[in-house]
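# Descriptive structure summary
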Amino acid sequence: MMMKRYIEICKPLWTLLPEGTIHEDERLCKHTYTQMGGAADLFITPQSYEETQTVLKFAHEHRVPVTLLGNGSNVIVKDGGIRGITLSLKKLNTITCTGVELVAQTGATIIEASRRARDAELTGLEFACGIPGTVGGAFYMNAGAYGGQIADVLESVLVLTEQGEFKTLSKEEFDFDYRKSVFSAKRYIALEGTFRLQKGDMAQIQAKMDELTIARETKQPLEYPSCGSVFKRPPGMFAGKLIQDSGLQGTRIGGAEVSKKHAGFIVNVDNATATEYMSLVRHVQQTVKDKFGVELETEVITIGEDIEEPVSD
């Protein structure tokens, strides 16, 4: 099997990294917000930039595919899992503030970064107080909510290239667009980012965060596992409104359901598989296209492989 091949190729990594850094055949449903997905051949959790560099250089030299997994909040892992190395930087989670700058390692959550900014009386990250991804995931997707986005506040980012070389990118190089960036386009592994914020009043910052938290909890189906908003907003329209007007709320395939609370969400209500989830995504896309002529583009990222069908004799 291809899985066993990559595990064998990567055996030397066990001697290059601390014990407990490499996990074999790791079930990724434990690491995603949808609580779905197959297993990773190798799930690696480095604790330093140097360890991360070691993994990337080894993978590049031995032609082992590397997949970066953040907080798993905006991703669907297919039921067949991920071949090669799945890299998690969640142990790189330090956040520091100096003056009006906040420096966050990319394994930290963007929610924690917004709270640390508040504690330092820095304004500009309030919009991120309810985004459930990592700082790195926020870079990759140019995450945004309630009128704010990462592009507004990010100043520079330290990355590793696919070849394992360190490089610092300035804001002019980010190439941000709606849910896109240079980080995903060039497959950079972001390690830390510097945010340039502004001095503010802690009470006002907290009040804004409270307001956004209430709005999120009131409107979004947080009681069920999901990947957040599934579809990008079509120009001049709202994906959720199109789905709602198509009469799709409550529609189910297996354990996946179009949320009755917010039509833009597809929730895992009963042990859904990734196959069921993606089948419902395609059904929603086709129904909206048939009814309104609008092609909904997914915001969520799909990674991994489908389950291999058994070969009959």
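So, a few notes on the structure that sits alongside this text. (Residues numbered from 1 in each chain as written. Predicted model: local features only at pLDDT ≥ 70, side-chain atom pairs only at ≥ 80, totals over all residues. Heavy atoms only, no water.)

## Points about the overall build of the protein chain
Helix and strand counts for the protein chain stand at nine helices and 19 strands. For the protein chain, the C-alpha radius of gyration of 20 Å lies close to 20 Å, the compact-globule estimate for 313 residues. The principal-axis extents of the C-alpha atoms in the protein chain amount to approximately 65 × 55 × 30 Å. Every one of the 313 residues in the protein chain was classed for burial, and the buried ones make up 50%. For the protein chain, the share of sequence-separated contacts (at least 6 apart) that also reach a separation of at least 24 residues comes to 66%. Split by element, the accessible area of the protein chain, about 15,200 Å² in all, is 47% carbon and sulfur. Charged side chains of the protein chain number 34 positive and 42 negative; the gap between the two group centres comes to 3 Å. (Helix = DSSP H or I, 4+ residues; strand = E, 2+ residues; numbered from the N terminus. Rg over C-alpha atoms; globule rule 2.2 N^0.38 Å. Buried < 20%, exposed > 50% of the residue type's maximum accessible area, 1.4 Å probe, protein only. Contact = heavy atoms within 4.5 Å. Areas by Shrake-Rupley, 256 points an atom, 1.4 Å probe, with all protein chains shown as cover. Lys, Arg positive; Asp, Glu negative; His and termini not counted. Charge placed at Lys NZ, Arg CZ, Asp CG, Glu CD.)

## Points about the state of the cysteines
For the structure on display, the rule yields zero disulfides. No disulfide involves Cys129; its nearest neighbouring cysteine sulfur is the one of Cys97, lying 16 Å away. (Disulfide = S-S within 2.5 Å.)

## Points about the sheet that holds strand β1 (residues 22–27)
Strand order in this open sheet of four strands is β1-β2-β5-β3, and the pairing throughout is mixed. Of all the strands in the sheet, the pair left with one neighbour each is β1 and β3 (66–68). Within the sheet, the average angular offset between the axes of one strand and its neighbour, ignoring direction, is 35 degrees. Relative to strand β5 (residues 82–87), β3 runs parallel, the two sharing three bridges. Paired with Leu68 across the strands is Leu87, a residue of β5. The sheet strands contacting helix α3 (residues 49–62) are β2 (39–44), β3 and β5, and the helix crosses β5 at an angle near 155 degrees. (Pairing = 2+ DSSP bridges. Axes fitted to C-alpha atoms, helices over the stretch in contact; angles between N-to-C directions.)

## Notes on unusual backbone geometry
Notably, Gln35 is not glycine yet its phi reads approximately 60 degrees, a positive angle. Inspection of the secondary structure assignment puts Gln35 in the loop between β1 and β2. Although it is not a glycine, Tyr146 sits at a positive phi angle of roughly 50 degrees. Here Tyr146 is to be found in the loop between β9 (144–145) and β10 (148–149). Taking the relative accessible area as the measure of exposure, Tyr146 reaches 41% and is therefore partly exposed.

## Some remarks on the environment of Lys90
Here Lys90 shows up in the loop between β5 and β6 (95–98). Taking the C-alpha atoms as reference, Lys90 lies 22 Å from Thr15; in sequence the two are 75 residues apart. With sequence-adjacent residues up to four places away left out, Lys90 is seen in contact with Gly70, Asn71 and Gly107.

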